[in-house]
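Below, each chain spelled out in residue letters.
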Amino acid sequence: MKKIGIIGIGNIGSAIVRCVAPRSEFFLQHCDIDQALADALAEETGSKSVPLDRLLETSDIIVLAVKPQVLPSLYSRLSETTGKAWISMAAGITLDTLRTHLKATSIARIMPNIAASIGRSITAIAFTPQSDASFRADAEKLIGSFGTVFPLDEGLFGAFTAISGSAIAAVFQFLNGMALGGVKEGLSYRAALDIIAETCLSAVHLVKESGIHPEQLASQVCSPGGTAIEMIALLENRSFKGTLIDCIGAASRRSRTLEANVR
Ligand SMILES: NC(=O)c1ccc[n+]([C@@H]2O[C@H](COP(=O)([O-])OP(=O)(O)OC[C@H]3O[C@@H](n4cnc5c(N)ncnc54)[C@H](OP(=O)(O)O)[C@@H]3O)[C@@H](O)[C@H]2O)c1
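No experiment lies behind these values; they were computed from the predicted model shown.

### Some thoughts on the sheet that holds strand E6 (residues 107-111)
Read across the open sheet, the eight strands follow the order E3-E2-E1-E4-E5-E6-E7-E8; overall the sheet is mixed. The open sheet has two edge strands with one neighbour each: strand E3 (48-49) and strand E8 (147-151). Alignment of strand E1 (residues 3-7) against strand E4 (residues 61-64), held across four bridges, turns out to be parallel. The residue bridging Ile4 from the neighbouring strand is Ile61, located in E4. Most of the contacts of helix H5 (residues 95-102) go to E6, to which it runs at about 135 degrees, and overall it touches E4, strand E5 (85-88), E6 and strand E7 (121-127). Packing of helix H7 (residues 157-184) onto the sheet brings it into contact with E6, E7 and E8, and relative to E7 it is tilted by some 170 degrees.

### Brief notes about the packing of H7 against helix H8 (residues 189-210)
The contact between H7 and H8 brings their axes to 8 Å, and the two run at 130 degrees. Between H7 and H8, the angle is such that the two are oblique. Our pair here, H7 against H8, has a crossing hand that is right-handed. In this structure, H7 contributes Phe174, Leu175, Asn176, Met178, Ala179, Leu180, Gly182 and Val183 to the contact, and H8 contributes Tyr189, Ala192, Leu193, Ile196, Ala197 and Cys200. Per-class residue counts for the contact of H7 with H8 are twelve nonpolar, two polar and no charged.

### Some words on the nonpolar core
Grouped together as the largest cluster of nonpolar side chains are 29 residues, with contacts concentrated most on Ile4, Ile6, Ile16, Leu28, Ile87, Phe135 and Phe146. Mapped by element, the contributors of at least two residues to this core are E1, helix H1 (11-20), helix H2 (35-45), E4, E5, E6, E7 and helix H6 (133-144). If you tally residues by element for this core, the top one is H1, at five residues.

### Describing the pairing of E1
Counting buried positions over the five residues of E1 gives four, a clear majority of the element. Pairing between E1 and strand E2 (residues 27-31): five bridges, direction parallel. Note on E2: the bridge partner recorded for Ile7 is Cys31. For the crossover that starts at E1, traverses H1 and ends in the parallel E2, the hand is right-handed.

### Details of the environment of Thr82
Tracing the backbone through its elements, the reader meets Thr82 in the loop between helix H4 (71-79) and E5. Sequence separation between Thr82 and Glu57 is 25 residues; the distance between their C-alpha atoms is 9.1 Å.

### Here we look at the site of the ligand
In the vicinity of the ligand there are 20 residues, among which Asn11, Ile12, Asp32, Val66 and Lys67 approach most closely. A distance of 2.7 Å separates an oxygen atom of the ligand from a polar side-chain atom of Asp32. Ala91 places a main-chain nitrogen or oxygen 3.1 Å from an oxygen atom of the ligand. If the ligand stood free it would expose 880 Å²; the protein chains cover 75% of that surface. Along the lines of polarity and charge, the residues of the shell around the ligand split into 15 nonpolar, three polar and two charged.

### As for the pattern of salt bridges
Applying the stated criterion across every chain, the model contains eleven salt bridges. The partner of Glu154 in a salt bridge is Arg109, with the nearest N and O atoms 2.7 Å apart. Taken together, the positions of Glu154 in the loop between E8 and H7 and Arg109 in strand E6 put the pair 45 residues apart, joining distant regions of the chain. Take Arg109: its relative accessible area is 1%, and that puts it in the buried class. Asp194 is the salt-bridge partner of Arg190, the closest N and O atoms lying 3.4 Å from each other. Within this pair, Arg190 and its partner Asp194 are both found in helix H8, separated by four residues, close to a single helical turn. What emerges from the salt-bridge pattern is a single network uniting Asp53, Arg77 and Glu80.

### Some details on the domain arrangement of the protein chain
Split by domain assignment, the protein chain resolves into domain 1 (3-152) and domain 2 (160-259). A C-alpha centroid distance of 32 Å is found between domain 1 and domain 2. In this assembly, 14 residues from domain 1 lie in contact with nine residues from domain 2. Of the roughly 860 Å² buried between domain 1 and domain 2 on both sides combined, carbon and sulfur atoms contribute 73%. It is Gly92, Met111 and Asn113 in domain 1 that bury the most area against domain 2; as a group they hold 42% of the surface buried on that side. There are one salt bridge connecting domain 1 and domain 2.

### Topic: a nonpolar patch on the surface
Residues Phe174, Met178, Met231, Phe240 and Leu244 make up a contiguous nonpolar surface patch of roughly 410 Å² in combined accessible area. Here Leu244 shows up in helix H11 (residues 240-261). With a relative accessible area of 39%, Leu244 lands in the partly exposed category.

Parameters and conventions
Residues numbered from 1 in each chain as written. Predicted model: local features only at pLDDT ≥ 70, side-chain atom pairs only at ≥ 80, totals over all residues. Heavy atoms only, no water. Pairing = 2+ DSSP bridges. Helix = DSSP H or I, 4+ residues; strand = E, 2+ residues; numbered from the N terminus. Contact = heavy atoms within 4.5 Å. Axes fitted to C-alpha atoms, helices over the stretch in contact; angles between N-to-C directions. Parallel < 35°, antiparallel > 145°, perpendicular 65-115°, else oblique. Left-handed = near helix turned anticlockwise from the far one by under 90°. Nonpolar A, V, L, I, M, F, W, Y, C, P; charged D, E, K, R; others polar. Core = buried A, V, L, I, M, F, W, Y, C linked by side-chain atoms within 4.5 Å. Buried < 20%, exposed > 50% of the residue type's maximum accessible area, 1.4 Å probe, protein only. Right-handed = clockwise from strand over helix to strand, strands pointing away. Near = heavy atom within 4 Å. Polar contact = N/O pair within 3.5 Å; in protein donor to acceptor, adjacent residues only side chain to side chain. Areas by Shrake-Rupley, 256 points an atom, 1.4 Å probe, with all protein chains shown as cover. Salt bridge = Lys/Arg side-chain N within 4 Å of Asp/Glu carboxyl O. Domains from an automatic or database assignment. Buried area = accessible area lost by both parts, 1.4 Å probe. Patch = residues over 30% accessible without salt bridge, like charges linked within 9 Å, V, L, I, M, F, W, Y side chains within 5 Å.

Spelled out as structure tokens, the structure:
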């Protein structure tokens, strides 16, 4: 059984451990600067909490789940470890940068989202050209165990980071805002959140299964002089779509800035 070592078990690292450890074909071990946190996660999930040195020594594949700003402080220690394959999820850190600092060739760059905790992430993946077939297969199997694998040209990682890893936060805000609107109209928050969440699921299924353009589906909902067109008119007046386009642009730009600054 291949050993996977995860460095950093904050928001996303712990989400992956929680999903994968109980039912994985891999043996999972992890470490964190907060030893108590690492031990508690091991207790909860059946993954193993180990010191960094042991993780580096014994893992076949090492997953980097620390903040991009923290990674440079680890490079010199990590690069002492030879013969390993690496997976990095650090936003804005390129395969070239990783290859240089880790002094390694088998590296995957991924971008998951927080729904990894329930096995529903869509995760972009790109490999260094030197990555061999066996590492590629293992990495895709690992990532597939917490959602859908989305092979992607590395040049598009900024766009993917914006529209998935980051945009899921905007989706949470959308759900919260709609639920609050329901509360204002007399529903309990719980009921309103359930209703809007189910409505979003209905919309997603309809878009995916029908293949009909979202604009056309929206026009089918807007009967003349009805309620939906009132809502759409207000959103159009407040540049709803323009705002969404701009927010994806803002997150993409931030990703490119990180890429330029964190080397
Ligand atoms: N959160 C997301 O939804 C998401 C989605 C896609 C990609 N990512 C990427 O995933 C990475 C982690 O993000 P995150 O949100 O999970 O960050 P986070 O919550 O800060 O988690 C990082 C963890 O690593 C720990 N850590 C810091 N220095 C360490 C060291 N030297 N050795 C071991 N552990 C150390 C941190 O401890 P302290 O808190 O004590 O510093 C923290 O527990 C980032 O590169 C981010 O770009 C995140």
